[in-house]
Amino acid sequence: MLQEIFAGKLIGMPNLNFGALSVEQRTMIAGIAAGFAGLLSLFNIGGRFFWASLSDYIGRKNTYYCFFLLGIALYALAPTFASMGSKLLFVSAFCVILSMYGGGFATVPAYLADMFGTQFVGAIHGRLLTAWSTAGIIGPVVVNYIREFQLQAGVPRDQLYNTTMYILCAMLIAGLICNYMIKPVNHKWHMSADEVARLQAASAKSAAAVQSGSFGIDRGGLDVRAALFWAFVGIPLAWGVWKTLESAAKIF
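Conventions adopted
Residues numbered from 1 in each chain as written. Predicted model: local features only at pLDDT ≥ 70, side-chain atom pairs only at ≥ 80, totals over all residues. Heavy atoms only, no water. Helix = DSSP H or I, 4+ residues; strand = E, 2+ residues; numbered from the N terminus. Buried < 20%, exposed > 50% of the residue type's maximum accessible area, 1.4 Å probe, protein only. Contact = heavy atoms within 4.5 Å. Areas by Shrake-Rupley, 256 points an atom, 1.4 Å probe, with all protein chains shown as cover. Disulfide = S-S within 2.5 Å. Polar contact = N/O pair within 3.5 Å; in protein donor to acceptor, adjacent residues only side chain to side chain. 1 Å grid on protein atoms, 1.4 Å probe; cavity = no way out; pocket = protein on both sides within 12 Å on 5 of 7 lines; lining within 4 Å. Points joined across faces, edges and corners; volume = space filled by probe spheres on them. Nonpolar A, V, L, I, M, F, W, Y, C, P; charged D, E, K, R; others polar. Expected span 1.5 Å × (residues − 1). Bend = angle between axes of the 7 residues up to and from the residue. Phe/Tyr/Trp six-rings, centres within 6.5 Å; stacked < 30°, edge-to-face > 60°. Salt bridge = Lys/Arg side-chain N within 4 Å of Asp/Glu carboxyl O. Core = buried A, V, L, I, M, F, W, Y, C linked by side-chain atoms within 4.5 Å.

**Student:** What should I look at first to understand the overall build of the protein chain in this one?
**Tutor:** Helices and strands together make up the secondary structure of the protein chain, namely eight helices and zero strands. Secondary structure elements of the protein chain, listed N to C terminal, follow the sequence α-α-α-α-α-α-α-α. Across its three principal axes, the protein chain shows a C-alpha extent of roughly 70 × 50 × 30 Å. Put simply, the protein chain has 252 residues, and 29% of those count as buried. Residue pairs in contact within the protein chain that sit at least 24 positions apart in sequence constitute 66% of those at least 6 positions apart. Of the roughly 15900 Å² that the protein chain leaves accessible, carbon and sulfur atoms contribute 68%.

**Student:** Even after reading the chapter, I still don't get the environment of F6, so can you show me in this structure?
**Tutor:** Relative to the helices and strands, F6 is located in helix α1 (residues 2–6). Classification of F6 as buried rests on a relative accessible area of 1%. Along the backbone, F6 and I251 are 245 residues apart, and their C-alpha atoms lie at a distance of 10.0 Å. Residues within four places of F6 in sequence aside, it is in contact with A82, G85, S86, K87 and F90.

**Student:** Got a minute to help me understand the state of the cysteines in this structure?
**Tutor:** The term disulfide refers to a covalent linkage connecting the sulfur atoms of a pair of cysteines. Tallied over the entire structure, the rule returns zero disulfides. Here C95 stays unpaired: no disulfide links it, and the sulfur of C169, its closest cysteine neighbor, is 18 Å away. Take C95: its relative accessible area is 3%, and that puts it in the buried class. For the unlinked cysteine C178, the closest cysteine sulfur is that of C169, found at 16 Å.

**Student:** Looking at this structure, I do not really get the side chain of Q25. What am I missing?
**Tutor:** Mapped onto the elements of the fold, Q25 is located in helix α2 (residues 23–58). Within polar-contact distance, the side chain of Q25 engages the backbone nitrogen of S22 at 2.9 Å. Those residues in contact with Q25 that sit more than four places away from it in its chain are I11, M13, L16 and A20.

**Student:** Sorry if this is basic, but what is going on with empty space enclosed by the protein here?
**Tutor:** If you roll a probe as big as a water molecule over the atoms, it shows you where there is empty space left. Summed over all chains, the structure comprises one cavity of 30 Å³ or more. Reported here for the largest cavity is a volume of approximately 30 Å³. The wall of the largest cavity is formed by I5, A78, P79, A82, F90, Y161, N162 and M165. Split into classes, the residues belonging to the lining of the largest cavity amount to seven nonpolar, one polar and no charged.

**Student:** Can you help me understand helix α4 (residues 87–116) in this one?
**Tutor:** Helical periodicity: at 3.6 residues per turn, an α-helix aligns residues three or four positions apart in one direction. The end-to-end C-alpha distance of α4 is 43 Å, a good match for the 44 Å that 30 residues give at a rise of 1.5 Å each. At T107, α4 shows its maximal bend, which comes to roughly 35 degrees, and the proline P109 appears one to four places after that position. Remark: G117 follows α4 within two positions and exhibits a positive phi of approximately 90 degrees.

**Student:** Just checking my understanding: could you explain the packing of aromatic side chains for this structure?
**Tutor:** The description of an aromatic ring pair uses the distance of the two centres, along with the angle that the planes make with each other. Here the structure, examined in full by the defined rule, presents 10 aromatic pairs. Chaining the aromatic ring pairs together yields one cluster made of F50, W51, Y64, F67, F68 and Y111.

**Student:** For this particular structure, what's the right way to read the pattern of salt bridges?
**Tutor:** Pairing between side chains of opposite charge can happen when the charged atoms of each approach one another. On inspection of all chains with the given rule, the structure shows six salt bridges. The closest approach of N and O atoms between E4 and R157, which form a salt bridge, is 2.5 Å. Separated by 153 residues along the polypeptide, E4 in helix α1 and R157 in the loop between α5 (121–152) and α6 (162–181) bring together distant segments of the chain. Of the charged contacts, one joins D56 and R60 as a salt bridge, the two residues approaching to 2.8 Å between their closest N and O atoms. Residue R60 is classed as buried on the basis of its relative accessible area, which comes to 17%. Connected via shared salt-bridge partners are E4, R147, E148 and R157.

**Student:** Hey, could you run me through the nonpolar core in this one?
**Tutor:** Soluble globular proteins tend to pack their nonpolar side chains together in the buried interior. One finds L2, F90 and F94 to be the most contacted residues of the largest nonpolar core, which totals 44 residues. Residue assignment for this core shows that the elements contributing at least two residues are α1, α2, α3 (60–84), α4 and α6. Sequence-distant contacts of L2, defined by excluding residues within four places in its chain, comprise A7, L10, A33, F36, F90, V91 and I251.

**Student:** Looking at this structure, how should I read the layout of surface pockets?
**Tutor:** Its volume calculated, the largest pocket comes out at about 2000 Å³. Forming the boundary of the largest pocket are 49 residues, of which F68, Y101, W132, A135 and L172 lie nearest the centre. Those elements that provide at least two residues to the lining of the largest pocket are α2, α3, α4, α5 and α6. The greatest single-element share of the lining of the largest pocket, amounting to 14 residues, is contributed by α5. Partitioned by chemical class, the residues of the lining of the largest pocket number 39 nonpolar, nine polar and one charged. Looking at the second largest pocket, its volume works out to about 240 Å³.

Pasting the structure below:
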């Protein structure tokens, strides 16, 4: 999207559309677009912390209202940002959208717990992920089909995704309605206190045979071995974040 919409603008040649770029120039903008993809990944990560934390204060349902309402607005405005030639607004819109993608993943287990209780939330969450898997297959197929259809119809490359954005808006409106209709499970389906106690006792008995715990943290603080493991993960991650930001800066 970034390459086809902004084309020469990414390399300081605003008058060049995608079809007029040379092979070398396309290689250059592909590298810049890779920085955009990396930036989206960072917002995906950050959104998991931000939105999940926010949901503790405003509630899960309200958090999902934010996802849908804000998503509808940003997807609807994306074609406008593209036609304005504003890379900053376009990139910012999709960074926020991807933060909500990550936030949705981080928030939905707590949302499920609010609806169904915590006892079986793991199994219920696993079933819910089948919807994500289905979307992961169908979504790209739909987007690519629309893109190819638009290309064959002679739509300019910088406008190929406008229809897709509006279709996504309609899908989010459907999601907004579904979120409004969601309500906790009827009390008649709740387990009794005795049933819960028996189930928890059985689970505790089986879990007792397996050693567990956060070694090096809740056993006397952060020891040397735990610090080394944190460094083993943290240093490459910090380097990756820096390189991503360095690459993303080339967009502007």
